[in-house]
Amino acid sequence: MQVIQSSKLANVCYDIRGPVLDEAMRLEEQGHRILKLNTGNPAAFGFEAPPEILQDILRNLSSAHGYGDSKGLLSARRAVVMHYEERGLHGLSVEDVFLGNGVSELIQLAMTALLDDGDEVLVPAPDYPLWTASVSLAGGTAVHYRCDEQSEWYPDLGDIEAKVTDRTRAIVVINPNNPTGAVYPREVLEGIVEIARRHKLVVYADEIYDKILYDGAEHVPLATLAPDLFCVTFNGMSKSYRVAGFRSGWMVLSGDRHRAASYIEGLTVLASMRLCANMPAQHAVAAALGGRQSIKDLVLPGGRLLESRDTAFRLLNDIPGITCVKPKGALYAFPRLDPQVYKIKDDAQMVLDLLRSQRILIVQGTGFNWPDPDHFRLVTLPRPEDIADAVTRIGDFLSGYSQP
Ligand code: PLP
């Protein structure tokens, strides 16, 4: 008898590591060098782990080999509480903090504990596709609200409101945004909170890029605007601290925890079923949050991330038929291919064709639950000269490209 995958996976996909990556690996096995601009993995582009993080992990390694508390190391959770207290989120205790094996694990846990079959969650389009996949895997339906490219990719509040139904349980906000790089102003966040308040929605704020900000952009933690709502804020070590491989993240429950008592019990059960998160990495959370924020050296003028973002933005917009909104945060650009210029019906095929012709791996816009085949995402992590070369080659490829 054949072994068939669960029907739970029917609507689950994650194209950032999808079939095109298999082709990239096949080409690598044949000896080709592939420039992988598909994942926001700083280490792959030569970024080193901050020494203070390594020091704390190494110092504690010999005593970090046992299981620990399911919610995480107390000292790390204390540091998370203090961090948010400083950022204006008051009244937290260590009981409100869960540490996980990256934000990815915590997103899945948060959706599993919330959703019954057919429940709806408002998720942005474009989104970081793990959100849509996790909603689907938990039996829910991701209903995508549009972010508006004409307005700096801010969420369209009218569209959010129009998509609320009596099955809507929650709204997801990714800020700074992956894939668009948008950083939402306070008024937009207040508008979202108002809708959540009116419809009694749980608010999920994915803020993993909160320190990767350009041009003086300010990040407002969403939960600080909604002390009366039940909010779950996600963050971690993968991006600002450049140690994605250590798989370390946290979620913080705030606001009306009383209303969410049963849900929190569910989270606790799920956290204990996976015993605990990777212990060595938890020893670095306090050092990361409390220490010098070396990410600033990378995003301020002269910093490598800023220069790469500038280079990508400038050269992408130089390609005829491409426009790209300037990313104000995070590690990505999400340019638009003018459909009058590029007749692309299948953007996954375009990405595959680019890979085969230029040995550059990017991700198609529809992989981020964007409805039309007219965008792609590239990471802006390479050195400016490498990103310049990559964007030039993408432009060369597109200039002769058509789909039958
Ligand atoms: N959330 C967003 C918006 C991301 O872009 C990513 C990774 O790219 C994650 C969550 C997952 O991060 P982690 O490495 O903590 O699992």
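For clarity, every value in this text was computed on a predicted model and none was experimentally measured.

**Student:** What's the story with the sheet that holds strand β11 (residues 332–333) in this structure? I'm lost.
**Tutor:** Strand order across the open sheet formed by 3 strands is β11-β15-β14, with antiparallel pairing between neighbours. The open sheet terminates on both sides in strands that have one partner only, identified here as β11 and β14 (363–364). Pairing analysis gives 2 bridges linking β11 to strand β15 (residues 376–379), with the strands arranged antiparallel. In the sheet register, Ala333 faces β15, and the bridge partner there is Leu378.

**Student:** Just to check I follow, could you spell out the environment of Met82 for this structure?
**Tutor:** Looking at the element boundaries, Met82 is found in helix α3 (residues 74–86). In this structure Met82 comes out as exposed when scored by relative accessible area, which is 52%. With 260 residues separating them in the primary sequence, Met82 and Tyr342 have C-alpha atoms 50 Å apart.

**Student:** Teacher, can you tell me more about the site of the ligand here?
**Tutor:** In the vicinity of the ligand lie 13 residues, with Val103, Ser104, Asp206, Tyr209 and Ser238 positioned nearest. Side-chain polar atom of Ser104 to an oxygen atom of the ligand: 2.5 Å apart, as the coordinates give it. A distance of 2.8 Å is found between an oxygen atom of the ligand and a side-chain nitrogen or oxygen belonging to Lys239. In isolation the ligand offers 400 Å² of accessible surface; the protein chains occlude 95% of this area. Among the elements that line the shell around the ligand, the one with the most residues is helix α4 (residues 102–114), at 3 residues. Of the residues assigned to the shell around the ligand, the class counts are 6 nonpolar, 4 polar and 3 charged.

**Student:** Would you mind going over the UniProt feature "domain: Aminotransferase class I/classII large" (unreviewed entry) in the protein chain with me for this structure?
**Tutor:** The UniProt record marks residues 34–394 with the feature "domain: Aminotransferase class I/classII large" (unreviewed entry), using the residue numbering of this structure. Helix makes up 36% of residues 34–394 and strand 17%, and the two end C-alpha atoms of the span are 13 Å apart.

**Student:** How should the packing of aromatic side chains be read in this particular structure?
**Tutor:** For any pair of aromatic rings, geometry is given as the distance between the ring centres together with the angle between the planes. With the rule as written, the count across this model stands at 11 aromatic pairs. With 6.0 Å between their ring centres and 45 degrees between their planes, Trp131 and Tyr204 make a pair best called tilted. Highlighted residues: Trp131 in helix α5 (residues 130–137) and Tyr204 in strand β7 (residues 202–206), separated in sequence by 73 residues. Under the relative-accessibility criterion, Trp131 is labelled buried at 0%. Taking the centre distance of 5.8 Å and the plane angle of 85 degrees together, the rings of Phe334 and Phe368 count as edge-to-face. Of this pair, Phe334 sits in the loop between β11 and β12 (336–337) while Phe368 sits in the loop between β14 and β15; the two residues are 34 residues apart in sequence, bridging distant segments of the chain. The residues Phe334 and Phe368 share a single accessibility class, namely buried. One aromatic cluster is present, built from ring pairs that chain together Trp153, Phe334, Phe368 and Trp370.

**Student:** Could you clarify how one ought to interpret the domain arrangement of the protein chain in this entry?
**Tutor:** Interface size is often expressed as the accessible area that is lost when the parts come together. When the domains of the protein chain are assigned, the result is domain 1 (7–48 + 297–399) and domain 2 (51–290). For domain 1 versus domain 2, the separation of C-alpha centres amounts to 25 Å. Tallying the contact residues gives 36 residues for domain 1 and 34 residues for domain 2. Together domain 1 and domain 2 conceal approximately 3,000 Å² of surface at their shared face, both sides included; 60% is due to carbon and sulfur atoms. Along the contact surface separating domain 1 from domain 2 lie 15 residue pairs in polar contact (both at pLDDT 80 or more). Among the elements of the structure, α11 (295–299), α12 (304–318) and β11 are those that each provide at least two residues to the side of domain 1 that touches domain 2. The element contributing the most residues to the side of domain 1 that touches domain 2 is α12, with 3 residues. In the side of domain 1 that touches domain 2, the residues fall into 21 nonpolar, 7 polar and 8 charged.

**Student:** How do you make sense of the pairing of strand β3 (residues 120–125) when you look at a structure like this?
**Tutor:** Side chains on a regular strand alternate between the two faces of the sheet. The element β3 is extensively covered by neighbouring structure, given that 6 of its 6 residues are classed as buried. Taken together, the 6 bridges between β3 and strand β4 (residues 141–148) define a ladder with parallel strand orientation. Considered in β4, the bridge of Val123 is made with His144. This β-α-β element, β3 to α5 to β4, shows right-handed connectivity. As judged from the 3 bridges shared by β3 and strand β6 (residues 168–174), these two strands associate in the parallel manner. When the sheet's bridge partners are listed, Glu120 is paired in β6 with Thr168.

Thresholds, definitions, all that
- Residues numbered from 1 in each chain as written.
- Predicted model: local features only at pLDDT ≥ 70, side-chain atom pairs only at ≥ 80, totals over all residues.
- Heavy atoms only, no water.
- Pairing = 2+ DSSP bridges.
- Helix = DSSP H or I, 4+ residues; strand = E, 2+ residues; numbered from the N terminus.
- Buried < 20%, exposed > 50% of the residue type's maximum accessible area, 1.4 Å probe, protein only.
- Near = heavy atom within 4 Å.
- Polar contact = N/O pair within 3.5 Å; in protein donor to acceptor, adjacent residues only side chain to side chain.
- Areas by Shrake-Rupley, 256 points an atom, 1.4 Å probe, with all protein chains shown as cover.
- Nonpolar A, V, L, I, M, F, W, Y, C, P; charged D, E, K, R; others polar.
- UniProt positions renumbered as here; feature names shortened; annotations may be inferred.
- Phe/Tyr/Trp six-rings, centres within 6.5 Å; stacked < 30°, edge-to-face > 60°.
- Domains from an automatic or database assignment.
- Contact = heavy atoms within 4.5 Å.
- Buried area = accessible area lost by both parts, 1.4 Å probe.
- Right-handed = clockwise from strand over helix to strand, strands pointing away.

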